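One-letter residues, chain by chain:
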Amino acid sequence: MSANAERTWTVVELLRWMEGHFREQGLDSPRLDAECLLAHALGIERLELYLQFDKPVVEEERAGLRELVRRRVRDRVPVAQLTGRKEFWSLPLEVTGDVLVPRPETETLVEVALGFLPDREGEYEILDVGTGSGAVALALAHERKKVRVLATDLSEAALAVASANATRLGLADRVGFAAGSLLEPALGRRFDLVVSNPPYLAENESAGLAPELAHEPAMALYAGPDGVELLESLVAGVADVLATSGGFAVELAPDQAERVAGFCRAAGLEDVAITPDLAGRPRVVSARVKTENEEAPKNAHLDEASGAEKGGE
Ligand SMILES: C[S@@+](CC[C@H](N)C(=O)[O-])C[C@H]1O[C@@H](n2cnc3c(N)ncnc32)[C@H](O)[C@@H]1O
């Protein structure tokens, strides 16, 4: 593309060139990356490229594309950060450098969570700890039209992104937001389901990881020297915010599953289960609290706290 700037390039020629270039540079999904970036540069949906294969791409559009290609290859910026968009659970989400790019394996967490919400019309109260872009909270609110979700995060910047996503998807009236660490914003309330995809990488793991991760917030990735620190704290406190028979589901790294299942049993949780992701790796630990929990007001947050304020941004 750069050597022959004067020639005419069609959509299909650019796609082939980018795919080859990305493959040579060792990117994991060269064709998909090429399609996403070209569609973004042309201001169209990815599938529309296939209807416009022979269309010439003008120099102005190619100039924007060159910059995207450079940042993808040289700086290893994730495609979702270059386009500002990522699809999760078929929902188009805005993503910025302030949030984790939602991962396909997190859809397993959504599936397990939905198993705790069997009645499609149920008025369940849900807590999503560490919501990031809002991916899990919004997928659940989208699937169950009467649930109410409190989505929390330690990062105010992430909450702003999640709140904008809730508004864009028309879910802001049922998804509220609160800043704080782990279960702290939820204390004093009871939920039918607590779900979380917390940071679970060990701090010393960063050296061997994909360079793309350097563009995501460290706060979204690393939990401490061991990796299970936040998972362990969550498990230890979750019974305090669960209603009787309430469910709990967390995402984790495959090699953490047995340990976290052990934390759940030690905390007195029941029905402890490990669910694999689509690649067959242990990905989600779930459990239920069976004890009679004392009554506490459910989700006062949506009336009193940030739901209305942040959702209306
Ligand atoms: C792995 S990301 C998950 C984001 C989103 N739920 C998803 O699945 O795409 C973890 C999120 O937890 C947040 N976080 C980190 N430490 C936290 C803490 N102590 N309490 C609450 N949230 C925390 C991060 O800011 C980040 O948004």
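According to the stated counting rule, one finds one aromatic pair in the structure shown. Relative to F53, the ring of Y50 has its centre 5.1 Å away and its plane inclined at 40 degrees; by these criteria the two rings are tilted. On the accessibility criterion, Y50 (40% relative accessible area) is partly exposed. Positioned above the aromatic ring of W9, the side-chain terminus of R7 is 4.2 Å from the ring centre.

We now examine the site of the ligand. Surveying the vicinity of the ligand reveals 19 residues, the closest of which are G130, D153, L182, N197 and A220. At 2.8 Å, a backbone N or O of G130 approaches a nitrogen atom of the ligand. Separating a nitrogen atom of the ligand from a backbone N or O atom of L182 is a distance of 2.8 Å. In the complex, the protein chains occlude 96% of the 600 Å² of accessible area that the ligand would expose alone. Of the residues that constitute the shell around the ligand, the class distribution is ten nonpolar, eight polar and one charged.

A word on the side chain of T152. Structurally, the position occupied by T152 is in strand β6 (residues 148-153). When its relative accessible area of 1% is taken as the criterion, T152 is described as buried. The contact partners of T152, leaving out residues within four places of it in the chain, are L127, D128, V129, G130, T131, L159, A178, L182 and P185.

Moving on, we get to the domain arrangement of the protein. Each assigned domain of the protein is listed with its residue range as follows: domain 1 (9-75) and domain 2 (89-311). Distance between the C-alpha centres of domain 1 and domain 2: 34 Å.

For any two helices packed against each other, the geometry is given by the interaxial angle and the distance between the axes. Where helix α1 (residues 11-24) contacts helix α2 (residues 30-42), the two axes come as close as 8 Å, and the packing angle between them is 135 degrees. On the basis of their axis angle, the class for α1 and α2 is oblique. Crossing geometry of α1 relative to α2 is assigned as right-handed. Mapping the contact onto sequence places V11, L14, L15, M18, E19, F22 and R23 in α1 and P30, R31, D33, A34, E35, L37, L38 and L42 in α2. Looking at side-chain class alone, the contact of α1 with α2 contains ten nonpolar, no polar and five charged residues.

A few words on the nonpolar core. Membership of the largest hydrophobic core comes to 34 residues, with the highest contact counts inside it found for V110, I126, L140, V175 and V195. At the level of secondary structure, the elements contributing two or more residues to this core comprise β4 (91-94), α5 (106-115), α6 (135-143), β6, α7 (156-168), β7 (175-179) and β8 (191-196). In terms of residues, this core owes the most to one element, α6, which gives seven residues. The next biggest cluster of nonpolar side chains, apart from the first, holds 28 residues, and it includes A178, V194, V235 and L252.

So, how was this worked out
- Residues numbered from 1 in each chain as written.
- Predicted model: local features only at pLDDT ≥ 70, side-chain atom pairs only at ≥ 80, totals over all residues.
- Heavy atoms only, no water.
- Phe/Tyr/Trp six-rings, centres within 6.5 Å; stacked < 30°, edge-to-face > 60°.
- Buried < 20%, exposed > 50% of the residue type's maximum accessible area, 1.4 Å probe, protein only.
- Lys NZ or Arg CZ within 6 Å of the ring centre and 35° of its normal.
- Near = heavy atom within 4 Å.
- Polar contact = N/O pair within 3.5 Å; in protein donor to acceptor, adjacent residues only side chain to side chain.
- Areas by Shrake-Rupley, 256 points an atom, 1.4 Å probe, with all protein chains shown as cover.
- Nonpolar A, V, L, I, M, F, W, Y, C, P; charged D, E, K, R; others polar.
- Helix = DSSP H or I, 4+ residues; strand = E, 2+ residues; numbered from the N terminus.
- Contact = heavy atoms within 4.5 Å.
- Domains from an automatic or database assignment.
- Axes fitted to C-alpha atoms, helices over the stretch in contact; angles between N-to-C directions.
- Parallel < 35°, antiparallel > 145°, perpendicular 65-115°, else oblique.
- Left-handed = near helix turned anticlockwise from the far one by under 90°.
- Core = buried A, V, L, I, M, F, W, Y, C linked by side-chain atoms within 4.5 Å.

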